[in-house]
Amino acid sequence: MQLRIPGPTPLPPQVLAAMGRQMINHRGKEFSGLIQQVIGRLQTFFQTRNDVLLLTASGTGGMEAAVVNMLSPGDPVLCISNGFFGDRFSDISRAFGAEVTMLTFEWGKPIDVDAVRRALAQGPRLKAIQVVQNETSTGVANDITAISAVAHEFDKLILVDSISGLGAVDLPVDRLGLDVVVSASQKAWMSPPGLAMISVSQRAWEAQAKARMPRCYFDLAEAKKFYARGQTPWTPAVGAAYGLAAALELMAAEGLSPIVARHERIARKAREGVKALGLSPFADERYASTTVTSVRVPEGVDAKKLLQVMYTDHNIELAGGQQKLEGKIFRIGHLGWVNETEIDGVLKALAQALPRVGYVKTPVSR
Ligand SMILES: *Cc1c(COP(=O)(O)O)cnc(C)c1O
């Protein structure tokens, strides 16, 4: 079975083997050595000297940590959203009492940076902006370089969800001055679900000390305090940490630039491949994600049936559309442990599956 959804992703044999190891004391020397090595490597892939903390949670837990550690109830925040996960980020802020201003864009289209500038100019009290770097629901990669520049122009904290980006994309956290950046183990990191990673800038720590939203399990000051001893405040997902350590060893051997280049190549192959089948990519191509490719379901084709045929006849599991995109798009996840041959296999299978669900490539006119 080829799991081609945008997380969880297939795991390399070295990672699977590492996860089969016996448990160790999470307050012992061996674990502190492991977590320190993991954090050092995560800093390389985040391109940061900021603190990077490991939380036992899925990515959403990391998003919640970003919100509750940076904001106080009543704080005005600008939530920029062009998809399902951008909306989720705003839901979390609202749940904890932030005063949310939404800036939304059509799903499949990128964030318009000029609109962000206008929103910030009109909202002088805004404390922070929240944004998703790689919008997994639509396959759009937002221009964080430009967005962060505007955030700095107006001196706002910038909280970034790069849950399905980091580990596969070039996101220089320090160069862009990103205050809080969240990722998660089961996306581009070739690792099992269970761990969220979060980087925290100096400016973000200052905000953290003043932020008053309720927090306990996700208190980043606690996480930092325990990390100084090579520990986490609460029992971490030790098995997932074994997996992540093994994956990062492979990633360190491959190197950041080659990994980024591999994802770019593969994404191009996926996009060009679906176009060659006569299908249309859903995301604005200038902003196409390199970790997930979204494709419009062609007229007359039932998306569910197509994914079912891919699964039963070709052993390939693709993802459908989420929420309002259900039935309208399908998505090919290509992040983490993935190569070109596998994408060729997906394209070949699509070529066979599509006619079986009623797709006719080009209307033949004679
Ligand atoms: C997967 C994902 C999330 C949610 O992560 P969970 O691990 O499912 O909680 C949030 N944002 C983005 C962009 C994602 O891809």
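Asks: So what exactly am I meant to see when it comes to the overall build of the protein chain here?
Replies: Summing up its helical and strand segments, the protein chain has 13 helices and 13 strands in all. For a compact globule of 366 residues, the expected C-alpha radius of gyration is about 21 Å, and the protein chain comes in at 21 Å, within 12% of that figure. Seen along its three principal axes, the alpha-carbon backbone of the protein chain occupies a region of about 70 × 55 × 30 Å. Residues counted as buried form 59% of the 366 residues belonging to the protein chain. A fraction of 73% describes how many contacts in the protein chain between residues 6 or more apart in sequence connect residues 24 or more apart. Total accessible area on the protein chain is roughly 14900 Å²; 52% of this is exposed by carbon and sulfur atoms. One finds the centroid of the 40 positive side-chain charges in the protein chain at a distance of 2 Å from the centroid of its 35 negative side-chain charges.

Asks: Explain the domain arrangement of the protein chain here, please?
Replies: For interface size, the figure often reported is the accessible area lost on association. Each domain of the protein chain was delimited in the assignment, giving domain 1 (19-253) and domain 2 (256-356). Domain 1 and domain 2 are separated by 27 Å when their C-alpha centres are compared. With 25 residues of domain 1 in contact, the opposing surface of domain 2 contributes 23 residues. Between domain 1 and domain 2, the buried area comes to about 2100 Å², and carbon and sulfur atoms account for 66% of it.

Asks: Please clarify how empty space enclosed by the protein should be interpreted in this entry.
Replies: If you roll a probe as big as a water molecule over the atoms, it shows you where there is empty space left. This model, assessed by the stated rule, comprises three cavities of 30 Å³ or more. Volume-wise, the largest cavity comes out at about 130 Å³. Surrounding the largest cavity, 15 residues form its lining, L54, L55, T56, T232 and W234 being those nearest its centre. Among the elements that line the lining of the largest cavity, the one with the most residues is strand β2 (residues 51-56), at three residues. A class-by-class count of the residues in the lining of the largest cavity yields eleven nonpolar, three polar and one charged.

Asks: I'm lost on the sheet that holds strand β9 (residues 180-184) in this one. Help?
Replies: Sheets are built from strands that pair by backbone hydrogen bonding, the pairs being arranged parallel or antiparallel. The mixed open sheet is built from seven strands, whose spatial order is β2-β10-β9-β8-β5-β3-β4. Looking at strand neighbours, the two that pair on one side only are β2 and β4 (99-104), the edges of this open sheet. Across the sheet, the mean angle separating the axes of adjacent strands is 20 degrees when strand polarity is ignored. In terms of strand pairing, strand β3 (residues 76-81) meets β4 through six bridges, oriented parallel. Residue pairing in the sheet places P76 in a bridge with E99 of β4.

Cut-off values and rules
Residues numbered from 1 in each chain as written. Predicted model: local features only at pLDDT ≥ 70, side-chain atom pairs only at ≥ 80, totals over all residues. Heavy atoms only, no water. Helix = DSSP H or I, 4+ residues; strand = E, 2+ residues; numbered from the N terminus. Rg over C-alpha atoms; globule rule 2.2 N^0.38 Å. Buried < 20%, exposed > 50% of the residue type's maximum accessible area, 1.4 Å probe, protein only. Contact = heavy atoms within 4.5 Å. Areas by Shrake-Rupley, 256 points an atom, 1.4 Å probe, with all protein chains shown as cover. Lys, Arg positive; Asp, Glu negative; His and termini not counted. Charge placed at Lys NZ, Arg CZ, Asp CG, Glu CD. Domains from an automatic or database assignment. Buried area = accessible area lost by both parts, 1.4 Å probe. 1 Å grid on protein atoms, 1.4 Å probe; cavity = no way out; pocket = protein on both sides within 12 Å on 5 of 7 lines; lining within 4 Å. Points joined across faces, edges and corners; volume = space filled by probe spheres on them. Nonpolar A, V, L, I, M, F, W, Y, C, P; charged D, E, K, R; others polar. Pairing = 2+ DSSP bridges. Axes fitted to C-alpha atoms, helices over the stretch in contact; angles between N-to-C directions.

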